[in-house]
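Survey of secondary and tertiary structure
Read off the chains here:
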Amino acid sequence: MSLIKDLVEKVKAKNPAEVEFHQAVEEVMESLEPTVERHPEFVKANIYERIVEPDRSILFRVPWVDDKGNVHVQKGFRVEYNMAIGPYKGGLRFHPSVNLGIIKFLGFEQVFKNSLTTLPMGGGKGGSDFDPKGKSDNEVMRFCQAFMRELFRHIGPNTDVPAGDIGVGGREIGYLFGYYKKIRNEHTGVLTGKGLEYGGSLIRPEATGYGAVYFAAEMLNVKGESLEGKTALVSGSGNVAQFTCEKLIDLGAKPMTLSDSSGYIYDEAGIDREKLDFAMDLKNVRRGRIKEYAEKYSGAVYTPVDPSLDYNPLWNHKADTAFPSATQNEINEKDARNLVNNGVKVVSEGANMPTTPEGINVFLDKKILYGPGKAANAGGVAVSGLEMSQNSLRLSWSREEVDQKLQGIMKAIHKAAYETSKAYGDAGNYPLGANIAGFVKVAKAMLAGGVV
Ligand code: NDP
């Protein structure tokens, strides 16, 4: 058996039941086969086995009190994955599905993603099985305080800098940071995604969605094409989906769908600026369901989730491009085939690992432009890195400055992924290029650091 296959089997045996983690490790490791031969020094230092094991996994109890006085207990996680190239950096996810395997898959991906950004950031991820949906602001605040009551001792501006992810937006970061300041008595850049008034960066909320669109534009550019006039299928309706739509509209493309965990809307006429403003207010302020979009705009059709289907009908509409921006494994093999059969030529992943391995194979076989999450959605963490720089410098850069840096970083990520895929004999295989480029930098840093 090859070193890589052997390692994947070992990871599965040593970490039973962590299926998302197995999936992420297998996807990355399989594309690293060619590096085994080219870099015998990595094999000698056993970098492959060392890189799949997190530096540490912190698991803790989070007790909190609801508005009626009932006491609840949630699980808290912070996986500090790899510090070879910089402080641990990665978001916090609050969602009932969160478990150790999901946090480890996200942390593992984050290591390579952060490496690709060109900025000095290691990888980490955390979160809780707490569900903010349907909770009052006071309940969310009490939960965030309880979560930070343990997390504070593990993080720091030079150690570990969390940010948002699913279920953790501006409101949650505000409560987490407020409590950190209270118990630590210091105002440092220990979290990113902060509000503008207290150390946040312009363009941070927009960065992941904008970045995914910039990445799609870069992939099209290689073929001499642009996004102008192209139709787009977008899933999710949270942070990433909203700003993906915004940038698509800015660049003259036409987003036609949005979704949440209850269903999706299809608006053939396109989601324009006014409709997007409605959706943003609906999701961010009123915290409602996407169904209301179709109640407001009669041209749009709402389809509720049908658990009996083995595909997602959102991906079964005629379109030129697709931007999965909700969650992991939201595009299976059948969805991937539906996308290709409906004319989709570009898939740029705003979400983390939204496509199953079988779905990825369909995209690669059909040679469509496929930007994997760790490259396409790296704009969010890149601007988080810029927020850390601004906090250290005690400066605030303008919107234009940050947006320009974001565009430069997305171009650099695209170039690294594309050039690396070419150097390894498969030009345009972005998953291959992104995995190898992200890995080699971290591996070299680990090698330089000795056996630690
Ligand atoms: P939000 O919480 O803002 O939005 C998540 C959206 O996805 C919501 O519409 C939510 O619907 C939907 N969703 C979540 N879980 C499921 C599920 N199991 N099934 C169906 N729909 C679901 O999160 P973000 O927009 O921040 O994150 C979206 C994706 O982007 C995630 O994969 C995240 O890891 C990734 N990402 C985010 C970054 C960021 O900067 N925020 C950076 C890089 C990647 P509902 O409201 O019904 O739950």
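Only a predicted model underlies this, so the values are computations on that prediction, with no experimental measurement involved.

Turning our eyes to something else, we now look at the domain arrangement of the protein chain. As far as domains go, the protein chain holds domain 1 (3–187) and domain 2 (207–371). The partner domain 2 presents 13 residues to the 14 residues of domain 1 that form the contact. A buried area of about 980 Å², summed over both sides, lies between domain 1 and domain 2, and 47% of it is on carbon and sulfur atoms. Seen at the junction of domain 1 and domain 2, the total is zero salt bridges. Where domain 1 touches domain 2, the interface holds four residue pairs in polar contact (both at pLDDT 80 or more). Within the residue set of the side of domain 1 that touches domain 2, elements represented by two or more residues are helix H2 (19–31) and helix H6 (100–116). Considered class by class, the residues forming the side of domain 1 that touches domain 2 number five nonpolar, one polar and eight charged.

Moving on, we come to the sheet that holds strand E10 (residues 300–304). Strands belonging to one sheet form pairs held by backbone hydrogen bonds; the direction of such a pair is parallel or antiparallel. Taking strand neighbours across the sheet as the criterion, the three strands line up as E8-E9-E10 in an open arrangement whose pairing is antiparallel. In this open sheet, the two strands that pair with only one neighbour each are strand E8 (257–260) and E10. On average, adjacent strands in this sheet sit at an angle of 15° to one another, irrespective of strand direction. Here strand E9 (residues 263–267) runs beside E10; their pairing, made up of five bridges, is antiparallel. By the bridge assignment for E10, Gly 263 is matched with Pro 304.

Among the structural elements, Lys 113 can be located in helix H6. For Lys 113, which is buried and forms no salt bridge, the nearest opposite charge comes from Glu 109, at a distance of 6.4 Å. Within the structure, Lys 113 has its side chain in polar contact with the side chain of Asn 352 (distance 2.8 Å). Reaching out from Lys 113, the side chain makes a polar contact with the side chain of Asn 377 at a distance of 2.7 Å. With sequence-adjacent residues up to four places away left out, Lys 113 is seen in contact with Asn 352, Gly 373, Lys 374, Asn 377, Ala 378 and Val 381.

Rules and cut-offs
Residues numbered from 1 in each chain as written. Predicted model: local features only at pLDDT ≥ 70, side-chain atom pairs only at ≥ 80, totals over all residues. Heavy atoms only, no water. Domains from an automatic or database assignment. Contact = heavy atoms within 4.5 Å. Buried area = accessible area lost by both parts, 1.4 Å probe. Salt bridge = Lys/Arg side-chain N within 4 Å of Asp/Glu carboxyl O. Polar contact = N/O pair within 3.5 Å; in protein donor to acceptor, adjacent residues only side chain to side chain. Helix = DSSP H or I, 4+ residues; strand = E, 2+ residues; numbered from the N terminus. Nonpolar A, V, L, I, M, F, W, Y, C, P; charged D, E, K, R; others polar. Pairing = 2+ DSSP bridges. Axes fitted to C-alpha atoms, helices over the stretch in contact; angles between N-to-C directions. Buried < 20%, exposed > 50% of the residue type's maximum accessible area, 1.4 Å probe, protein only. Lys, Arg positive; Asp, Glu negative; His and termini not counted.

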